[in-house]
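Take a look at the letters that make up each chain.
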Amino acid sequence: MADGPGFSSVLQLTDLNDFIAPSQACVKPIKQDDQVGIHEKKKVEITLGDCLACSGCITSAETVLISKQSYIDLYETLDKKKSGQNITVIVSLSHQAIASIGARYGQGFQDSARLLSSFFHSIGVDYVYDLTFARHISLIESQKEFIERKKSGTATLTSICPGFVCYVEKTHGDLLIPYLSTVKSPQQIMGSLVKSLWPFGTQNKSDNYIYHCTVMPCFDKKLEASRTEFTQEDGTADVDCVLTPIELEALFDKEEINFTDLPHRPLDVLHPSLKISDSDSVATHPGNGSGGWSENIIRYGISYFNQSPLNPRIPLKIESKRNKDFLEVTLSPSLENDFTPESKKLTFAIVNGFRNIQTLIQRIKRKTFKYDFVEVMACPSGCLNGGGMIRGDSVDNKLFEKVSELYSSLETYHLSLDDNHDTIKDLYNEWFSDEVLREKLFLTTFKTIPKTDNLLNVKW
């Protein structure tokens, strides 16, 4: 393992083609030390924590020097484990990342998941999970938060996209932070679970060190994992390392790993009760490739205000308002007579890409904003087009179409809208009945980052 991939710690973040403005140079002033001669100064390193503290760039458009958040760190941890240190290594796979790897190597979604499980286990990882349960929890918490905010007349913007959150905190903090959902993303909920409640479901923290790596569709998830809000009491991160499909592809090429020749190995299961079916298949939630936040929560809202369970397959009306990345989600007109006035008033939107985000912000500023809930993603087409996803060779990116096809092939898991008949909610009530524990595990806060007039005068 010591001879693992010898990659540089310089990470080139890919261009996303949808920026507000050309990014500025990333600058970290050198601290002066009179005791050190000019020829003896050490190399300056920029950490992801530094990126979050800076009000310069907005999203992934430049080269960032990082000391962690690469698979070098994962390999070094596996070396420590191999040498006898008491470490449990866990990898969590996002649905979008699995689809990206499957599209790249010509595999079905489930086969791709089993091949990734096989690869990570082969290098010494102890457990490989998908993020379905973490998304379950995030959706349940988001449903509860939505109802409370709706009752108080407050709208909600999703906060699961770190690129959008970073932009909000740096540019429109006072205006937009009150709208941000306080529910953690599936990545960070999974981090809270494996770091705080291992073995899972026992609420007894393990006596060994848990190292948690996620595989996500976007580089900005590295920034999210590096936030100080997402740390344990001992100062360790809930997510130690974030990898992307692009990085895995580079790793396979570097190590000359023939991915499709690996044996199939099922993903591990957090708890026996969480097996969705007799098979080892991964399932998803209804809605789009970013996770279906808008669709799941509006269904719950309709059910709540109707005071009765709602058929989860009831059709919704999704209309393009400005372009294919600015959508409105409402009741189907043919069904409006079946619902209460409060249900019919619910208006949701899906907004992808910074150009559309600007339109959304202008509506908030001009007080023409009319939505109860908005699912916001920084990347055009959402998470299936994340900056860390493997790109096709052609301009029209046929690989994206294949990724979408694979994601759409998944069995759909409908969270029950009846609180009395749902395995997930039963486990939720059993394991997370304590309100203080739920707040610690599942909720977060945001802060306004002061703007600086001159990056060269940034105070670090």
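Refer to the structure above for everything that follows.
Because the structure is predicted, anything quoted here is derived from the model rather than measured.

Student: Could you give me a rundown of the pattern of salt bridges, with the residues and numbers involved?
Tutor: Under the counting rule described, the total for this entry stands at 19 salt bridges. Residue Asp-126 is joined to Lys-81 by a salt bridge in which the shortest nitrogen-to-oxygen separation is 3.3 Å. With Asp-126 in the loop between helix H4 (109-122) and strand S4 (127-130) and Lys-81 in helix H2 (residues 71-82), the pair connects residues that are 45 residues apart, well separated along the chain. Since its relative accessible area comes to 25%, Asp-126 is described here as partly exposed. Residue classification places Lys-81 among the partly exposed residues on the basis of a relative accessible area of 25%. A salt bridge links Arg-299 to Glu-295, with the shortest nitrogen-to-oxygen separation between them at 2.8 Å. Of this pair, Arg-299 and Glu-295 both sit in helix H11 (residues 293-306), four residues apart, roughly one helical turn. As far as the burial class goes, Arg-299 and Glu-295 line up, both buried.

Student: Tell me about helix H13 (residues 354-365), and name the residues and values.
Tutor: An ideal rise of 1.5 Å per residue puts 16 Å on twelve residues; H13 measures up with 16 Å between its terminal C-alpha atoms. Turning to H13, its buried residues are Phe-354, Asn-356, Ile-357, Thr-359, Leu-360, Ile-361 and Ile-364. Directly beyond the C-terminal end of H13, a positive phi value near 60° is found at Lys-367.

Student: Account for the sheet that holds strand S5 (residues 156-157), with residues named and values stated.
Tutor: Strand order in the open sheet formed by five strands is S5-S12-S11-S10-S9, and the pairing between neighbours is mixed. Each edge of the open sheet is held by one strand with a lone partner, namely S5 and strand S9 (316-323). As defined by bridge partners, S9 adjoins strand S10 (residues 326-331) across six bridges and the pair is classed as antiparallel. In the strand pairing of S10, Ser-320 is matched with Leu-327. Strands in contact with H11 are S9, S10, strand S11 (348-352) and strand S12 (373-377); relative to S12, the strand with the most contacts, it is inclined by about 170°.

Student: I'd like to hear about the packing of aromatic side chains, residue by residue, with values.
Tutor: Across all of its chains, the model carries 20 aromatic pairs by this definition. Residues Phe-133 and Trp-431 carry aromatic rings whose centres are separated by 6.3 Å and whose planes lie at 75° to one another, so their mutual orientation is edge-to-face. Here Trp-431 lies in helix H15 (residues 423-431) and Phe-133 lies in helix H5 (residues 132-152), a separation of 298 residues in the sequence. Judged by its relative accessible area of 5%, Trp-431 is buried. Here the aromatic rings of Phe-146 and Phe-348 are separated by 5.2 Å at their centres, their planes lie at 65°, and the arrangement is edge-to-face. In this pair, Phe-146 sits in helix H5 while Phe-348 sits in strand S11, placing the two residues 202 residues apart along the sequence. Each member of the aromatic cluster is reached from another via a ring pair, and the members are Tyr-105, Phe-119, Phe-120, Phe-252 and Phe-259.

Student: How would you sum up the nonpolar core? Please name residues and give values.
Tutor: In this structure, Phe-133, Leu-157, Val-374 and Phe-432 are the most contacted members of the largest nonpolar core, which totals 79 residues. It is H5 that provides the largest number of residues to this core, a total of seven residues. The next biggest cluster of nonpolar side chains, apart from the first, holds 43 residues, and it includes Val-91, Tyr-211, Phe-252 and Met-389.

Student: Break down unusual backbone geometry for me, with residues and values.
Tutor: Within the chain, Glu-256 stands out as a residue other than glycine whose phi angle is a positive 55°. Tracing the sequence through the fold places Glu-256 in the loop between helix H10 (245-254) and strand S8 (283-284). Under the relative-accessibility criterion, Glu-256 is labelled exposed at 73%. Its identity is not glycine, yet Lys-367 carries a phi of approximately 60°, on the positive side.

Student: If you had to explain the environment of Ser-152 to someone new, which residues and values would you point to?
Tutor: If you trace the backbone, Ser-152 turns up in helix H5. For Ser-152, a relative accessible area of 54% corresponds to the exposed category. From its side chain, Ser-152 meets the backbone oxygen of Arg-149 in a polar contact 3.0 Å long.

Student: How would you explain the side chain of Gln-188 if you had to name every residue and give the values?
Tutor: For Gln-188, the location among the structural elements is in helix H8 (residues 186-196). Polar side-chain contacts of Gln-188 include one of 2.8 Å to the side chain of Gln-187. Every residue in contact with Gln-188, bar those within four places of it in the chain, is listed here: Glu-224, Ala-225, Phe-230, Asp-238 and Val-239.

Student: Go over the sheet that holds S4, please, and point to the residues and values.
Tutor: With parallel pairing, four strands are arranged side by side in an open sheet as S4-S3-S6-S7. Looking at the sheet topology across the chains shown, the edges are occupied by S4 and strand S7 (241-243). For this sheet the average axis-to-axis angle between neighbouring strands, irrespective of direction, equals 25°. Bridge count between strand S6 (residues 209-215) and S7: three bridges; the pairing is parallel. Considered in S7, the bridge of Val-215 is made with Leu-243.

About the criteria used
Residues numbered from 1 in each chain as written. Predicted model: local features only at pLDDT ≥ 70, side-chain atom pairs only at ≥ 80, totals over all residues. Heavy atoms only, no water. Salt bridge = Lys/Arg side-chain N within 4 Å of Asp/Glu carboxyl O. Helix = DSSP H or I, 4+ residues; strand = E, 2+ residues; numbered from the N terminus. Buried < 20%, exposed > 50% of the residue type's maximum accessible area, 1.4 Å probe, protein only. Expected span 1.5 Å × (residues − 1). Pairing = 2+ DSSP bridges. Contact = heavy atoms within 4.5 Å. Axes fitted to C-alpha atoms, helices over the stretch in contact; angles between N-to-C directions. Phe/Tyr/Trp six-rings, centres within 6.5 Å; stacked < 30°, edge-to-face > 60°. Core = buried A, V, L, I, M, F, W, Y, C linked by side-chain atoms within 4.5 Å. Polar contact = N/O pair within 3.5 Å; in protein donor to acceptor, adjacent residues only side chain to side chain.

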